[in-house]
Structure formats: C-alpha cells, structure tokens
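Chain residues, written in single-letter form:
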Amino acid sequence: MAQDKVYPVYLIAGFLDSGKTSFINGILSDGFALEDRTLLLCCEEGETDYDAKFLRNVTVLSVDEQEELTPDFLEAQRKKCRANQVIVEFNGMWQIQDFYVNSMPQNWALYQIIALADGPSFEMYAKNMASLMMEKLRNADMILINRCTPELCTALRQKNLRLVNRRADIFLELEDGSSQDYMDGTVSAFDLEQPVIRISDEDYGLWYVEIMDNPQMYAGKTVVFRAIMCKPPQYGRYFTPGRFAMVCCAEDMSFLAVACIGYDVGKIPERAWVEVTAEARVEHWDPYEGDGPVLHVASIVPCGKPENEVVQM
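Since this is a predicted model, take the numbers as computed values, not measurements.

Participant: Looking at this structure, I do not really get the pattern of salt bridges. What am I missing?
Facilitator: A side chain with one charge can pair with a side chain of the opposite charge if their charged atoms come near. A complete count under the given rule lists 13 salt bridges for this structure. For Arg78, the salt bridge goes to Glu75, with nearest N and O atoms at 2.8 Å. Here Glu75 and Arg78 lie together in helix H2 (residues 71-81), a separation of three residues that amounts to about one turn. Looking at Glu75, the relative accessible area reads 12%, which means it is buried. Note that Asp203 and Arg166 form a salt bridge whose closest N and O atoms lie 2.4 Å from each other. Here Asp203 is found in the loop between strand E9 (196-198) and helix H7 (204-213), whereas its partner Arg166 is found in the loop between helix H6 (150-159) and strand E7 (169-174), with 37 residues between them in sequence. Each of the salt bridges in this network shares a partner with another, and the network as a whole consists of Glu123, Lys127 and Lys159.

In structure tokens, the structure reads:
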C-alpha cells in the first residue's frame, strides 16, 4: 500500500508587528512557492500586506478565530487549492502547542517553526507576556529578533536566550538590514555559572561544537558527560572518549571527541560506555595543530548506554 502523502507546514510565530508578514514576503520573493502550490494561512492581520507579485502560486486564507482551525476544515482548504505545502502566519496570542496537537490534520507535518520578535519591544513582552513569548521561543527551530541596535544586541546576548532554546538558530537583525549570529563566542547554550556542568545525552553534539569553537568559555569549568571510551595508541597519554554523530545520513557519521588526560584508563575496555568528570582547560595538543580544549579528568565510571547512542546534529 502506498504511503499517504505528507504536507509540510512552516509556522511563522510572533507578536503583532514582529515582522512576520515581511518575513513571509521575503521567502516568497526568493521563490519558495515558485514550483509548489502553497496554502498561506493568515491568523493575524498586521499593517503590512502580502506582496501580490509573489502570490501567483499561493492561496491566502484568513482565519480570525482559533476555534475555526479544525483538522477537517484545514484539510478541506488544502484540497480546495491543491496545495503541496502550508505556511502559517500564526497569531501571537495563541499557543503553538494547541495548533500542532489539536488543529493539524494527520497528513500535515510541522517542518519548521520560526519565531520572530521586535527587538525594541522584546523586554516589554518578556515582562508582561512571558509565558506566551517563552512558548514561542522554546518551540522554535529558528529565532529572528529584528530592528536591533548594537546596544540591544549586547543586551539580548546578556539574557542568554540559548538557555531557553539550545537547538534553535538565533539571529539578530540590525536596523540596516544586516544580521548577526547570536552565538558570537560570548554566549553559551549551557549555564556556565553552575559548579558542575552536566551535559545531557541529547545535548552532547551542541556542547561539542561549542567547546571546540570557543574553548576559552569552558576554561576552569567542570563538565560531566557520557561517552564511548577511545584510546588511540598514537596519542600516547591522551585518550579521547566521544560520541558518534550523524548529520543527515549514515554516510556522514563522525566521532566527536575531546582530548582527555590525567587518568589511568588502562583497565577500561575500548568502546566501553563511561561517565567522565573533568576540568576543561585550553592547552596545546598536536592533533589540534594549536590550542584547544583539553579535559583534565577527575573520574571515569562505567555507565549504561544512552537511549539514542548516535548524536543527531
């Protein structure tokens, strides 16, 4: 039996005047709907209109009340315009979870959630509508904060939004239209103020990228993580516990490991799962071809395998 077709949904979330319509105009102008018929579900009317030049392959449907968003209604609208994909300009006052739990038809799949926020009003919404704002930020795959000044960029980084959502790509768009990556080497996805930083199994890949890119942030910090023991003979007294990671397919499998030193691992079997507790330092190591993170190990204990042995990047 042929598998039913699945229709991707791209949900654009944010409060009024956060730039949702302008963002949608931008992706449509880049050819997003050039080949595939698209249903554009508008759940909030702002001051900006959709650009008619890019709606040739797009059917716009306005919905004022959240109660209208039922699976039967939405699927009937998709069939009516024969859309192969759906964009949702979501109402900032509605909960995203209500949409994907109660409203989406079974053959719709939420491919990406993009949360937008207006930089100058970010603090006001964070104080007065914290639960609604945090729900958008926590669920997002990408966060874009626009209309930022350099001073506002600094203030937003000090808030460390990475602690709200570790997996999302976060960008700060300046008033001149240029953008900056939120992760500029001064912001961590982990709470570095904790006496011991425990890296969860699902966060290992994120931590690995961060400590390799910005090892100075971890200098003097104690970290705890689970990994597979690896003792390459060519590294002498150094050993390299790590995790296998897959970017998109099995052919992209890589072993992500950080140099470790200062512990007798002679009796620990190769490829055994262990929990490592170590202090991170920045030191020269020849395989790094310069300075990088070197973990001075305080303890290694056997442990069970994580539920997902392979890290998804």
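Participant: How do you make sense of helix H3 (residues 96-103) when you look at a structure like this?
Facilitator: The periodicity of an α-helix, 3.6 residues per turn, causes residues three or four positions apart to be oriented the same way. Of all the positions in H3, only Ile96, Phe99 and Ser103 are classed as buried. Burial along H3 is one-sided: seen end-on, the buried residues are contained in an arc of 95 degrees. Its buried side turned inward, H3 meets strand E1 (7-13), strand E2 (38-42), H2, strand E4 (85-89), strand E5 (108-118) and helix H5 (130-139).

Participant: Looking at this structure, how should I read the pairing of E4?
Facilitator: Within a regular strand, side chains alternate between the sheet's two faces. Counting buried residues in E4 gives five out of five residues, a clear majority hidden from the surface. A two-sided burial pattern is seen for E4, the buried positions comprising Gln85, Ile87 and Glu89 on one face and Val86 and Val88 on the other. Where E1 meets E4, four bridges bridge the pair, whose relative direction is parallel. Paired with Val9 across the two strands is Val86, which belongs to E4. Two strands pair when backbone bridges link them, and E2 and E4 are joined in this way by five bridges, in the parallel orientation. Looking at the pairing, Leu39 lines up with Val86 of E4.

Participant: Can you walk me through the sheet that holds strand E6 (residues 142-148) in this structure?
Facilitator: Hydrogen bonds along the backbone pair up the strands of a sheet, which may run parallel or antiparallel. Spatially, the eight strands line up as an open sheet ordered E3-E2-E4-E1-E5-E6-E7-E8, and their pairing is mixed. Only two strands of the sheet have a single partner each, and these edge strands are strand E3 (58-62) and strand E8 (179-181). Pairwise comparison of adjacent strand axes, ignoring direction, gives a mean angle of 20 degrees for this sheet. Relative to E6, E5 is paired through five bridges, and the arrangement is parallel. Considered in E6, the bridge of Asp118 is made with Asn146.

Participant: Can you help me understand the nonpolar core in this one?
Facilitator: Considering soluble globular proteins, one finds that nonpolar side chains tend to be buried as a cluster. Grouped together as the largest cluster of nonpolar side chains are 45 residues, with contacts concentrated most on Leu41, Val88, Phe99 and Ile145. Residue contacts for Leu41: discarding those within four places in its chain leaves Leu61, Val63, Leu69, Leu74, Ile87, Val88, Glu89 and Phe99. Counting 37 residues, the second-largest nonpolar core is a separate cluster that includes Tyr204, Ile261, Tyr288 and Val311.

Participant: What exactly am I supposed to notice about the side chain of Asp118 here?
Facilitator: Its location among the elements puts Asp118 in strand E5. On the accessibility criterion, Asp118 (14% relative accessible area) is buried. Within the local environment of Asp118, its side chain forms a polar contact with the side chain of Ser121, the two groups lying 2.7 Å apart. Leave out the neighbours within four places in its chain, and Asp118 touches Asp17, Ser18, Ile145, Asn146 and Arg147.

Participant: Help me understand the packing of H3 against H5 in this model?
Facilitator: The description of two helices packed together rests on the angle between their axes and the distance between the axes. One way to put it is that H3 packs onto H5 with a least axis distance of 9 Å and a crossing angle of 60 degrees. By the criterion of interaxial angle, the relationship of H3 to H5 is oblique. Mapping the contact onto sequence places Ile96, Gln97 and Tyr100 in H3 and Glu135, Lys136 and Asn139 in H5. Residues belonging to the contact of H3 with H5 are distributed by class as follows: two nonpolar, two polar and two charged.

Participant: It is not clear to me how H7 should be interpreted in this structure. Could you clarify?
Facilitator: Those residues of H7 lying buried are Tyr204, Gly205, Trp207, Tyr208, Glu210 and Ile211. On its buried face, H7 is in contact with strand E10 (222-228), strand E11 (242-246), strand E12 (254-257), strand E14 (273-285), strand E15 (290-302) and strand E16 (311-312).

Participant: Would you mind showing me how to read a negative patch on the surface here?
Facilitator: A cluster of acidic residues, Glu45, Asp49, Asp64, Glu65, Glu67 and Glu68, forms a negative patch at the surface. With respect to the secondary-structure elements, Asp49 resides in the loop between E2 and E3. According to the relative accessible area criterion, Asp49 is exposed, its value standing at 60%.

Participant: When you look at the packing of aromatic side chains in this model, what are you seeing that I'm missing?
Facilitator: Any aromatic ring pair is given by two values, namely how distant the centres are and how the planes are angled relative to each other. By the definition in use, this model includes 12 aromatic pairs. Centre to centre, the rings of Trp207 and Phe225 are 5.0 Å apart; their planes meet at 35 degrees, and the pair counts as tilted. Of the two residues, Trp207 sits in helix H7 while Phe225 sits in strand E10, which places them 18 residues apart along the sequence. As far as the burial class goes, Trp207 and Phe225 line up, both buried. The structure contains a cluster of three or more aromatic residues connected by ring pairs, namely Tyr235, Tyr238, Trp285 and Tyr288. A cation over an aromatic ring shows up here: Arg78 above the ring of Tyr7, its NZ or CZ 3.6 Å from the ring centre.

So, how was this worked out
Residues numbered from 1 in each chain as written. Predicted model: local features only at pLDDT ≥ 70, side-chain atom pairs only at ≥ 80, totals over all residues. Heavy atoms only, no water. Salt bridge = Lys/Arg side-chain N within 4 Å of Asp/Glu carboxyl O. Helix = DSSP H or I, 4+ residues; strand = E, 2+ residues; numbered from the N terminus. Buried < 20%, exposed > 50% of the residue type's maximum accessible area, 1.4 Å probe, protein only. Arc of directions from axis to C-beta. Contact = heavy atoms within 4.5 Å. Pairing = 2+ DSSP bridges. Axes fitted to C-alpha atoms, helices over the stretch in contact; angles between N-to-C directions. Core = buried A, V, L, I, M, F, W, Y, C linked by side-chain atoms within 4.5 Å. Polar contact = N/O pair within 3.5 Å; in protein donor to acceptor, adjacent residues only side chain to side chain. Parallel < 35°, antiparallel > 145°, perpendicular 65-115°, else oblique. Nonpolar A, V, L, I, M, F, W, Y, C, P; charged D, E, K, R; others polar. Patch = residues over 30% accessible without salt bridge, like charges linked within 9 Å, V, L, I, M, F, W, Y side chains within 5 Å. Areas by Shrake-Rupley, 256 points an atom, 1.4 Å probe, with all protein chains shown as cover. Lys, Arg positive; Asp, Glu negative; His and termini not counted. Charge placed at Lys NZ, Arg CZ, Asp CG, Glu CD. Phe/Tyr/Trp six-rings, centres within 6.5 Å; stacked < 30°, edge-to-face > 60°. Lys NZ or Arg CZ within 6 Å of the ring centre and 35° of its normal.

These figures come from the coordinates and say nothing about function on their own.
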